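Overview (structure and organization)
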Amino acid sequence: MEKSKSHQQAVEQQFGNQARAYLSSAVHAQGEDLNELARRFLDTPQAHVLDLGCGAGHVSFTLASRVAQVVACDLSLRMLEVVAQTSAERELTTVTTRQAVAESLPFADASFDAVISRYSAHHWQDVPRALREVKRVLKPGGEAIFIDVVSPGYPMLDVFLQTVEMLRDTSHVRDYAPGEWLTFCTEAGLNIKSLTTARLPLEFQSWVARMRTPDAFVVAIQALQKAASAPVKRHYDIQDDGSFTVDTAFIVASC
């Protein structure tokens, strides 16, 4: 329990102070994945959706005019305040907020037609437990959609990714490989419908500024990039200014 509380406090500290930065972050506020979500909810006016680990609310804002209700759920109260304020400013009356951790959702069984989590799961302490909660709160036939950075799976590439992620953000837990996601979903009773991968370029200065990464850790990341092997530099397309590219996955599962 103490370990869990400590991690929750670390996440709140990391993200609470930067909530506004995530609202305006180009990486989070736009992208083909948001366009795909919008297309998937073109004809769903009665749907109730859970935006799990909502961050600054970009999924909620994308779907607000397309569904009956979006519950923006996050551990960080500061993030939820940004979501509530922005929803009010944009007159998005279908969006409500709720504080919770992914592993213990305060919702009744079969509450939602869809659960969506975008760039959040790599902060969860217990992904298998969280997915069991997702399964529980989904209605029969409902869909779970997970969008996140993923590990390439190869040990050398994996170690590099997890190391730079941890240096940049101490609340980071793990970027999982697609195969791990398949196992987690299957064991939670979710049936994989599709898993597609893409590449996401990250501009270095905004990437570290968004998390207010300490200067010493920024220097460590840059040193690691420079010392990386040729295969690592090639896979992550590491640029002279530190900008690089990661793998992402868009996973659709059904209940």
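If you look the protein chain up in an unreviewed UniProt entry, it shows as Methyltransferase type 11 from Musicola paradisiaca.

1. Some thoughts on the packing of helix H8 (residues 155-168) against helix H11 (residues 215-227)
Put simply, H8 and H11 touch, their axes get as near as 9 Å, and they point 160° apart. If you check the angle between H8 and H11, you find them roughly antiparallel. In the packing of H8 onto H11, the handedness of the crossing is left-handed. Facing Phe160, Thr163, Val164, Leu167 and Arg168 of H8, the residues of H11 in contact are Phe217, Ala220, Ile221, Leu224 and Gln225.

2. Focus on the side chain of Ser254
Counting through the fold element by element, Ser254 comes out in strand E7 (residues 244-254). In this structure Ser254 comes out as buried when scored by relative accessible area, which is 16%. Not counting residues within four places of it along the chain, the set of residues in contact with Ser254 comprises Gly142, Glu143, Gly189, Leu190, Asn191 and Lys193.

3. So, the pairing of strand E5 (residues 138-150)
Most of E5 sits out of view: 10 of its 13 residues are buried. With six bridges joining them, strand E4 (residues 112-118) and E5 adopt parallel strand pairing. When the sheet's bridge partners are listed, Phe112 is paired in E5 with Leu138. Read as a crossover between parallel neighbours, the route from E4 over helix H7 (residues 127-137) to E5 is right-handed. Pairing of E5 with E7, which is carried by eight bridges, proceeds in the antiparallel orientation. Counterpart to Ala144 in the pairing with E7 is Ala253.

4. Quick look at the pattern of salt bridges
Throughout the structure, instances matching the rule amount to 12 salt bridges. When the shortest N-O distance is used, the salt bridge between Glu32 and Arg39 registers 2.4 Å. Take Arg39: its relative accessible area is 42%, and that puts it in the partly exposed class. The partner of Glu36 in a salt bridge is Arg40, and the shortest N-O contact between them spans 3.2 Å. A residue pair is termed a helical-turn pair when its members lie 3 or 4 positions apart in one helix, as Glu36 and Arg40 do in helix H4 (residues 32-40) at four residues.

Calculation criteria
- Residues numbered from 1 in each chain as written.
- Predicted model: local features only at pLDDT ≥ 70, side-chain atom pairs only at ≥ 80, totals over all residues.
- Heavy atoms only, no water.
- Axes fitted to C-alpha atoms, helices over the stretch in contact; angles between N-to-C directions.
- Helix = DSSP H or I, 4+ residues; strand = E, 2+ residues; numbered from the N terminus.
- Parallel < 35°, antiparallel > 145°, perpendicular 65-115°, else oblique.
- Left-handed = near helix turned anticlockwise from the far one by under 90°.
- Contact = heavy atoms within 4.5 Å.
- Buried < 20%, exposed > 50% of the residue type's maximum accessible area, 1.4 Å probe, protein only.
- Pairing = 2+ DSSP bridges.
- Right-handed = clockwise from strand over helix to strand, strands pointing away.
- Salt bridge = Lys/Arg side-chain N within 4 Å of Asp/Glu carboxyl O.

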